[in-house]
Amino acid sequence: MGKGGGCVPSKSQRPPPPQRRDRTFIPAPATAPAPAPEPRQVRIYVVFYSMYGNVRRLARAVQRGVGSVPGARGILLRVPETLPRAVLARMSALEAAAEMDAEGIPVADPGGLPDADGFLYGFPARYGAMAAQMQAFFDSTAPLCRGQRLAGKPAGFFVSTGTQCGGQETTAWTAITQLAHHGMLFVPIGYTFREGMFEMEELRGGSPYGAGVFAGDGSRPPSELELALAEHHGKYMATLVKRMVHGADA
């Protein structure tokens, strides 16, 4: 056979090789990103001592203010009484003590304080400083101080005084020493209550250091304005603590 003859085609007659076809890429179906977990609720302990119930009423208002901030919870804790019942009777304070017991507010345990993200401490004044009952409670936190278990945590104060000259400011600023030894951060409210801080027509406790009440001999309860200031105090602290715990966008 001649070249290219017969059944075997010559090289020039061979069919071209099949074209290679690229695989078609089919992308995987898009999936929505997993939602970010909800930030945990911040806890603010409202720790107070109240002989006649006025600081307790402020504490309730503070707690409402904390709870008005989404993602924040105010937890009421009371400081134990140190005076015998006979002394409380002479001071006409037994009725208020019974009301306190009836409300079922738990007693503060110093060992549980590190669980909080922030604090608001409330107490009446005694000669321009905190009452002995509150001082005794702070004294019981010495083990926490040694270990600096509360260092870096923000805290503020709200107070009760008998008169306008009874220590609305000194009762708070003399208490700052307690925070300093623990390494805690004192948070005043300044004039963030706006025009309420400049009210001149109505008697009002409180100062740039924190909310307050003028209680007289113990028989004057907080006014609506004083309660509003206390509620603002709680809201202000909760907003700040959320930013500290979860960041500026919280």
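Residues numbered from 1 in each chain as written. Predicted model: local features only at pLDDT ≥ 70, side-chain atom pairs only at ≥ 80, totals over all residues. Heavy atoms only, no water.

- For the protein chain, the name recorded in an unreviewed UniProt entry is NAD(P)H dehydrogenase (quinone), with Aegilops tauschii subsp. strangulata as its organism.
- Regarding the protein chain, the UniProt comment filed under Sequence similarities (unreviewed entry) reads as follows: "Belongs to the WrbA family."
- In UniProt, the protein chain has this text filed under Cofactor (unreviewed entry): "FMN". (UniProt positions renumbered as here; feature names shortened; annotations may be inferred.)

## Examining the side chain of arginine 78
- Its location among the elements puts arginine 78 in strand S2 (residues 72–78).
- Side chain to side chain, arginine 78 and aspartate 101 meet in a polar contact 3.5 Å long.
- What arginine 78 contacts, discounting residues up to four positions off in sequence, is Phe48, Met100, Asp101, Ile105, Pro106, Val107 and Ala108. (Helix = DSSP H or I, 4+ residues; strand = E, 2+ residues; numbered from the N terminus. Polar contact = N/O pair within 3.5 Å; in protein donor to acceptor, adjacent residues only side chain to side chain. Contact = heavy atoms within 4.5 Å.)

## Considerations on the pattern of salt bridges
- The tally for this structure, following the rule as stated, stands at seven salt bridges.
- Salt-bridge contacts for aspartate 117 lead to arginine 40; the nearest nitrogen and oxygen are separated by 2.7 Å. One end of the pair, aspartate 117, is in the loop between helix H3 (94–103) and strand S3 (118–126); the other, arginine 40, is in the segment before strand S1 (42–48), and 77 residues separate them in sequence.
- Under the relative-accessibility criterion, aspartate 117 is labelled buried at 11%.
- Notably, a salt bridge pairs arginine 56 with glutamate 103, separated by 2.9 Å at the nearest N-O pair. Pair noted here: arginine 56 is in helix H1 (residues 54–67) and glutamate 103 is in helix H3, with a separation of 47 residues, a long-range link.
- Taking relative accessible area as the criterion, arginine 56 reaches 5% and is therefore assigned buried.
- Note on glutamate 103: relative accessible area 34%, which makes it partly exposed. (Salt bridge = Lys/Arg side-chain N within 4 Å of Asp/Glu carboxyl O. Buried < 20%, exposed > 50% of the residue type's maximum accessible area, 1.4 Å probe, protein only.)

## Details of the packing of H1 against H3
- H3 packs onto H1 with a crossing angle of 30° between their chain directions and a minimal axis gap of 10 Å. Taken together, the axis directions place H1 and H3 in an arrangement best described as roughly parallel. Every residue of H3 that contacts H1 at Arg56, Arg57 and Arg60 is listed here: Ala96, Glu99, Met100 and Glu103.
- Each residue belonging to the contact of H1 with H3 can be placed in one class, and the counts come to two nonpolar, no polar and five charged. (Axes fitted to C-alpha atoms, helices over the stretch in contact; angles between N-to-C directions. Parallel < 35°, antiparallel > 145°, perpendicular 65-115°, else oblique. Nonpolar A, V, L, I, M, F, W, Y, C, P; charged D, E, K, R; others polar.)

## Notes on unusual backbone geometry
- For serine 92, which is not a glycine, the phi torsion comes out positive at approximately 55°.
- For serine 92, the location among the structural elements is in the loop between helix H2 (85–90) and H3.
- The class for serine 92 is exposed, based on a relative accessible area of 60%.

## Quick notes on the packing of H1 against helix H8 (residues 224–246)
- Viewed as axis vectors pointing N to C, H1 and H8 meet at an angle of 45°, and their least axial separation amounts to 6 Å. With respect to H8, the element H1 is oriented oblique. Crossing angle aside, the handedness with which H1 passes H8 is right-handed. Contact residues: Arg57, Leu58, Ala61, Val62, Arg64, Gly65 and Val66 in H1; Glu226, Leu227, Ala230, Glu231, Gly234, Lys235 and Ala238 in H8.
- Classifying every residue of the contact of H1 with H8 gives seven nonpolar, two polar and five charged. (Left-handed = near helix turned anticlockwise from the far one by under 90°.)

## What about the side chain of glutamine 133?
- For glutamine 133, the position within the fold is in helix H4 (residues 132–139).
- A distance of 3.0 Å separates polar atoms of two side chains, one belonging to glutamine 133 and the other to tyrosine 49.
- Here the side chain of glutamine 133 touches glutamate 81 through a polar contact of 2.8 Å, side chain to side chain.

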